[in-house]
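Given next are the chains, with one letter for each unit.
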Amino acid sequence: MPWFVKIEEGIVDKPTFDQHIPAHKAYVQDLIDKGHKAKTGYWAERGGGMLLFEASSTKEAQAIVEQDPLVANHCVRYQLHEWRIIAE
């Protein structure tokens, strides 16, 4: 299955952002449970982060991203890219 990466930038204040983190973490755990091998984290300098996951297609990846609570609640601006691994 192809890998995808959502690179995001926070666009709301920290208290608003933080209230959606528990739902985001639960959403990512659900993706893991469904076999998408998801990993999420934030940049050390704050203000953004990344979600890495597998999906069967770009269309499925877009649907996954749109359901992320951080996206659905307009907390981040993002870019979605298919990531092609050349070495493991």
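Above this text you will find the structure in question.
What comes next concerns the included structure. (Residues numbered from 1 in each chain as written. Predicted model: local features only at pLDDT ≥ 70, side-chain atom pairs only at ≥ 80, totals over all residues. Heavy atoms only, no water.)

**Regarding the side chain of His-36**
To be explicit about the condition: Only DSSP runs of H or I covering at least 4 residues are called helices, and only runs of E covering at least 2 are called strands; the numbering of each starts at the N terminus. Buried, partly exposed and exposed residues are distinguished by accessible area as a fraction of the type maximum, computed with a 1.4 Å probe on protein chains only: under 20%, between the cut-offs, and over 50%, respectively. We call two N or O atoms a polar contact when they sit within 3.5 Å, provided that within protein one can donate a hydrogen and the other can accept it, with sequence-adjacent residues counted only if both atoms are side-chain atoms.
Topologically, His-36 is positioned in the loop between α2 (21–33) and β2 (39–42). What makes His-36 buried here is its relative accessible area of 9%. Separated by 2.6 Å, the side chain of His-36 and the backbone oxygen of Glu-54 make a polar contact.

**Some remarks on the nonpolar core**
For clarity, the cut-off: We call a set of buried Ala, Val, Leu, Ile, Met, Phe, Trp, Tyr and Cys residues a nonpolar core when their side-chain atoms join them within 4.5 Å. Residues count as neighbours in contact if any of their non-hydrogen atoms are within 4.5 Å of one another.
Within the largest apolar cluster, 15 residues are counted, with the highest numbers of intra-cluster contacts made by Ala-38, Phe-53, Ala-55 and Ile-64. Among the secondary structure elements, those contributing two or more residues to this core are α2, β3 (48–54), α3 (58–67) and α4 (69–72). What Ile-64 contacts, discounting residues up to four positions off in sequence, is Tyr-27, Leu-31, His-36, Phe-53 and Ala-55.

**A word on the layout of surface pockets**
Quick reminder of the rule: Using a 1 Å grid laid over the protein atoms alone, points where a 1.4 Å probe fits but cannot get out form a cavity; open sets with protein on both sides within 12 Å along at least 5 of 7 lines form a pocket; any residue with an atom within 4 Å of a point counts as lining. Grid points are joined across faces, edges and corners, and a volume is the space filled by probe spheres set on the points. Nonpolar residues are Ala, Val, Leu, Ile, Met, Phe, Trp, Tyr, Cys and Pro. Charged residues are Asp, Glu, Lys and Arg, and all others, Gly as well, are polar.
Volume-wise, the largest pocket comes out at about 400 Å³. Looking at the largest pocket, it is lined by 20 residues, and the ones nearest its centre are Phe-17, Asp-18, Tyr-42, Gly-47 and Gly-48. Looking at the lining of the largest pocket, the elements that each hand over two or more residues are β1 (3–10), α1 (14–19), α2, β2 and β3. Of the residues belonging to the lining of the largest pocket, the class tally is seven nonpolar, seven polar and six charged.

**Quick notes on the pattern of salt bridges**
Test applied: We define a salt bridge as a contact between a side-chain nitrogen of Lys or Arg and a carboxyl oxygen of Asp or Glu at a distance within 4 Å.
Evaluation of the coordinates by the stated rule reveals seven salt bridges. Here Lys-14 and Asp-18 are joined by a salt bridge, their closest N and O atoms 2.6 Å apart. With Lys-14 and Asp-18 both in helix α1 and four residues apart, this pair spans about one turn of that helix. In this structure, a network of salt bridges that share partners links the residues Lys-6, Glu-8 and Asp-68.

**Notes on unusual backbone geometry**
Even without being a glycine, Lys-37 presents a positive backbone phi close to 55°. As for its position among the elements, Lys-37 is in the loop between α2 and β2. For His-74, which is not glycine, the phi torsion reads 55° and is therefore positive. Position of His-74 among the secondary structure elements: in the loop between α4 and β4 (76–83). For His-74, a relative accessible area of 58% translates into the label exposed.

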